[in-house]
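Chain by chain, the residues:
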Amino acid sequence: GPFLPEDPQLRTDLEALRRAAAGCRGCPLYENATQTVFGEGSADAHVVLVGEQPGDQEDRQGAPFVGPAGRLLDRALDEAGIERGDVYVTNAVKHFKFKYQGKRRIHENPNTGEMRACRPWLISELQSLDPDVVVTLGATAGKALLGSTFRVTKQRGELLPMPDLELLGTPAAKVDAEEKKDSAAWLLATIHPSAVLRSDNRDEMYAGLVDDLRKVAGALT
Ligand code: URA
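Residues numbered from 1 in each chain as written. Predicted model: local features only at pLDDT ≥ 70, side-chain atom pairs only at ≥ 80, totals over all residues.

Structural notes on the overall build of the protein chain
Part 1: Helix and strand counts for the protein chain come out as 8 helices and 8 strands.
Part 2: For 221 residues, the compact-globule estimate of 2.2 N^0.38 gives 17 Å, and the C-alpha radius of gyration of the protein chain, at 16 Å, lies within 12% of that figure.
Part 3: Taking all 221 residues of the protein chain together, 38% fall into the buried category.
Part 4: A separation of at least 24 residues holds for 72% of the contacts in the protein chain among residues at least 6 apart in sequence. (Helix = DSSP H or I, 4+ residues; strand = E, 2+ residues; numbered from the N terminus. Rg over C-alpha atoms; globule rule 2.2 N^0.38 Å. Buried ≥ 20, exposed ≤ 12 C-beta atoms within 10 Å, placed from the backbone. Contact = placed C-beta atoms within 7 Å.)

Written out as structure tokens, the structure reads:
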């Protein structure tokens, strides 16, 4: 994408990526959002968690998963035995998309064009971090890395081979479990923490999220 640093070395430098993303105009979402919310966490993280997009709090504070969904996620990670210091958190889309309902800012789903425009940032983050496990939270993050046919209900909770980041967005980017053998990294899809907060069945949804995250912890040891 035209907004990535041209120097290939800078593309694997997280801080250079963050600075470049701060000025991204790759889609119209920058117009109404407060700021780009780039990923955050250790450059040595073994686990990268990918959400959908920043929420209201994240947009104001400029950091991912600092609102209610983030607090629930922190609790679930702790319960699953994943240390916060071992994790980098980011989003598939890096600007908050919302509409006003009175004074309240209500989250809106990013469309495929916005997801496609933002994907080079996510791919560059993942190439730079080279984690052992990538965890997608919810449908948008799953689609960003596994394609538009991804369904959380069908594919959650399984360690899948990490797709080839060079091929993402091309027809060749099929995830084939048979081809895992020599690939070092895993991808695990699970539900979004906001889905737990919205559910009538919170306890069960939360337990399912923790179960999935335990598989991530297991893949690290
Ligand atoms: N929901 C997300 O998907 N990402 C955030 O950063 C916060 C809430």
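Digging into the nonpolar core
Part 1: The biggest cluster of nonpolar side chains holds 48 residues, and the ones touching the most others in it are Val47, Val48, Val50, Val134 and Val135.
Part 2: Ranked by residue count, the leading element in this core is helix 4 (residues 112-129), at 7 residues.
Part 3: The contact partners of valine 134, leaving out residues within four places of it in the chain, are Val48, Val50, Leu126, Leu145, Met162, Ala185 and Leu187. (Core = buried A, V, L, I, M, F, W, Y, C linked by C-beta atoms within 7 Å.)

A short note on the site of the ligand
Part 1: The full set close to the ligand counts 13 residues, and Gly51, Glu52, Gly55, Pro64 and Ala69 are the nearest of them.
Part 2: Residues of the shell around the ligand, tallied by class, amount to 4 nonpolar, 7 polar and 2 charged. (Near = placed C-beta within 6 Å. Nonpolar A, V, L, I, M, F, W, Y, C, P; charged D, E, K, R; others polar.)

Some words on the sheet that holds strand 6 (residues 133-137)
Part 1: Strand order in this open sheet of 6 strands is 1-3-2-6-8-7, and the pairing throughout is mixed. At either margin of the open sheet sits one strand with a lone partner, and together these are strand 1 (40-41) and strand 7 (159-161).
Part 2: Sheet analysis places strand 2 (residues 47-51) next to strand 3 (residues 87-91), joined by 5 bridges and oriented parallel. Residue valine 50 lies in a different strand from strand 3, and its bridge partner there is threonine 90.
Part 3: Against the sheet, helix 8 (residues 202-220) touches strand 2, strand 6, strand 7 and strand 8 (186-190), its axis set at about 170° to strand 8. (Pairing = 2+ DSSP bridges. Axes fitted to C-alpha atoms, helices over the stretch in contact; angles between N-to-C directions.)

Structural measurements only, silent on function.
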